[in-house]
Amino acid sequence: MNQAITGKLIQESRKEQNLTQRELAEQLGISDKTVSKWETGNGLPEVGLMLPLCEILKISVNELLSGERLDEKNYKIKAEENIMDLMNERKEAKFKLTVAAITCVTTLICSLTLMFLAKYLEMETWLRVVLIVVGAISIISVLLTSCELDRTAGAFECQHCKNRFVPKFGAYLFGMHTLTTRRLRCPKCGHVTWCKKRLNK
Ligand SMILES: [Zn+2]
């Protein structure tokens with residue numbers, strides 16, 4: 001999916017229907033800023049808006065995702081491509097999460113062993129201090145890296161408006177969380193909810 005090409009199609013189709021950005025936005029119950037964002041390639045319509053948008057624009061979701069009008073022959077090919085795109089995005093997200101989990105666990109074990117040895121083995125004090133500092137630094141950096149991988153794999157879904165978004169690092173880090181949800185403020189509707197982790201953006 002290419003945001004710029006999809007944006008162009010939205011703009012073309014909107015003009016064909018003789019709608020202004022504002023009129024289209026009103027029909028969808030969103031702001032005209034959002035429509036402008038789509039058309040300039042700075043964002044895709046969220047999944048929940050795709051069907052109503054396509055109905056108004058008289059195009060299919062498949063065409064929206066492909067960014068072009070499709071004849072019968074191309075229709076099927078593009079549909080398959082679009083499905084594969086979505087699946088690859090999920091795969092990539094899963095891979096990031098797995099890497100995050102594995103590096104996190106192994107480094108934690110190594111660092112804790114290092115710090116344990118530093119505490120109980122006979123050695124010079126300076127060496128002891130170095131080992132403990134190195135252990136502590138690697139634990140912190142690995143935790144931050146895993147957070148970053150988890151933050152950017154897929155997206156979080158607002159429970160209020162179903163908007164999916166990638167939170168800022170600070171908000172992510174300090175948001176209370178369980179294994180699959182995190183308490184975050186939705187950038188679209190402003191509500192703070194227990195956002196669910198989703199593998200697709
Ligand atoms: Zn929301």
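Here the structure is a predicted model, which means the values were calculated and not measured. (Residues numbered from 1 in each chain as written. Predicted model: local features only at pLDDT ≥ 70, side-chain atom pairs only at ≥ 80, totals over all residues.)

Visitor: When you look at the overall build of the protein in this model, what are you seeing that I'm missing?
Guide: Helix and strand counts for the protein come out as eight helices and four strands. Overall, the protein shows an N-to-C arrangement of helices and strands of α-α-α-α-α-α-α-β-β-α-β-β. Taking 2.2 N^0.38 as the reference for a compact globule, 201 residues should give roughly 17 Å; the C-alpha atoms of the protein span a radius of gyration of 23 Å, well beyond that estimate. Here the C-alpha coordinates of the protein stretch approximately 80 × 40 × 25 Å along the principal axes. Here the protein, with 201 residues, has 17% of them falling under the buried criterion. The long-range share in the protein, meaning contacts at least 24 apart out of those at least 6 apart in sequence, stands at 58%. (Helix = DSSP H or I, 4+ residues; strand = E, 2+ residues; numbered from the N terminus. Rg over C-alpha atoms; globule rule 2.2 N^0.38 Å. Buried ≥ 20, exposed ≤ 12 C-beta atoms within 10 Å, placed from the backbone. Contact = placed C-beta atoms within 7 Å.)

Visitor: Is there a simple way to think about the environment of cysteine 189 in this case?
Guide: For cysteine 189, the location among the structural elements is in the loop between strand 3 (181-185) and strand 4 (192-198). Note: C-alpha distance between cysteine 189 and histidine 160 (29 residues apart in sequence) is 7.8 Å. Ignoring any residue separated from it by four or fewer positions in sequence, one finds cysteine 189 in contact with Cys158, His160, Cys161 and Asn163.

Visitor: Explanation requested: the packing of helix 6 (residues 72-120) against helix 7 (residues 125-152) in the structure shown.
Guide: Packed helix pairs are characterised by how far apart their axes lie and by the angle those axes make with each other. Packing of helix 6 against helix 7 brings their axes to within 9 Å, and their N-to-C directions diverge by 165 degrees. Between helix 6 and helix 7, the angle is such that the two are roughly antiparallel. In this structure, helix 6 crosses over helix 7, and the sense of that crossing is left-handed. Of the residues assigned to the contact of helix 6 with helix 7, the class counts are 16 nonpolar, seven polar and three charged. (Axes fitted to C-alpha atoms, helices over the stretch in contact; angles between N-to-C directions. Parallel < 35°, antiparallel > 145°, perpendicular 65-115°, else oblique. Left-handed = near helix turned anticlockwise from the far one by under 90°. Nonpolar A, V, L, I, M, F, W, Y, C, P; charged D, E, K, R; others polar.)

Visitor: Any chance you could explain the sheet that holds strand 2 (residues 164-165) here in plain terms?
Guide: What holds strands together in a sheet is hydrogen bonding between their backbones, with the strands either parallel or antiparallel. Across the sheet, which stays open at both edges, the four strands sit in the order 2-1-4-3 with antiparallel pairing between neighbours. At either margin of the open sheet sits one strand with a lone partner, and together these are strand 2 and strand 3. (Pairing = 2+ DSSP bridges.)

Visitor: Help me understand the pairing of strand 3 in this model?
Guide: Consecutive side chains of a regular strand alternate in pointing toward one face of the sheet and then the other. The alternating pattern of strand 3 places Arg182 and Leu184 on a buried face, while none of Thr181, Arg183 and Arg185, on the opposite face, is buried. Pairing geometry for strand 3 and strand 4, over five bridges, is antiparallel. Paired with arginine 183 across the strands is tryptophan 194, a residue of strand 4. Hairpin connection, strand 3 to strand 4: the antiparallel pair is bridged by six residues, and glycine 190 has positive phi, about 80 degrees.

Visitor: Looking at this structure, I do not really get the nonpolar core. What am I missing?
Guide: For soluble globular proteins, the rule of thumb is that nonpolar side chains tend to be buried together. Residues Leu9, Ile10, Leu24, Val35, Trp38, Leu53, Leu57, Ile59, Leu64 and Leu65 constitute the largest nonpolar core, which totals ten residues. Listed by contribution, the elements that provide at least two residues to this core are helix 1 (3-16), helix 3 (32-39), helix 4 (47-57) and helix 5 (61-66). Counting residues in hydrophobic clusters, the runner-up holds six residues, among them Ala155, Cys158, Leu184 and Cys195. (Core = buried A, V, L, I, M, F, W, Y, C linked by C-beta atoms within 7 Å.)

Visitor: Would you take a moment to explain the packing of helix 2 (residues 21-28) against helix 4 for this structure?
Guide: Running from amino to carboxyl end, helix 2 crosses helix 4 at an angle of 130 degrees, the nearest separation of the two axes being 10 Å. Relative to helix 4, the element helix 2 is oriented oblique. For the pair helix 2 and helix 4, the crossing hand works out as right-handed. Contacts between helix 2 and helix 4 involve Leu24, Gln27 and Leu28 on the former and, on the latter, Leu49, Pro52, Leu53 and Ile56. Tallied by class, the residues present in the contact of helix 2 with helix 4 amount to six nonpolar, one polar and no charged.

Visitor: Would you explain unusual backbone geometry in this entry?
Guide: For residues besides glycine, phi is generally negative; the peptide bonds are generally trans as well. In this structure, asparagine 18 takes a positive phi of about 55 degrees despite not being glycine. Here asparagine 18 shows up in the loop between helix 1 and helix 2. For lysine 58, which is not glycine, the phi dihedral falls at a positive 60 degrees. Assignment of secondary structure puts lysine 58 in the loop between helix 4 and helix 5.

Visitor: Hey, could you run me through the environment of lysine 162 in this one?
Guide: As for its placement among the helices and strands, lysine 162 is situated in the loop between strand 1 (155-157) and strand 2. Under the C-beta neighbour-count criterion, lysine 162 is labelled partly exposed, with 15 such atoms within 10 Å. Along the backbone, lysine 162 and lysine 188 are 26 residues apart, and their C-alpha atoms lie at a distance of 9.7 Å. With near-sequence residues (within four places) excluded, lysine 162 lies in contact with Gly48 and Glu157.

Visitor: I tried to follow the confidence of the model for the protein on my own but got confused; where do I start?
Guide: Low pLDDT means the predicted atomic positions in that stretch should not be read closely. Across the protein, the average pLDDT comes to 89, with 100% of residues at 70 or higher. The spread of mean pLDDT over the elements of the protein runs between helix 6, the lowest at 86, and helix 2, the highest at 95. (pLDDT = per-residue confidence, 0-100.)

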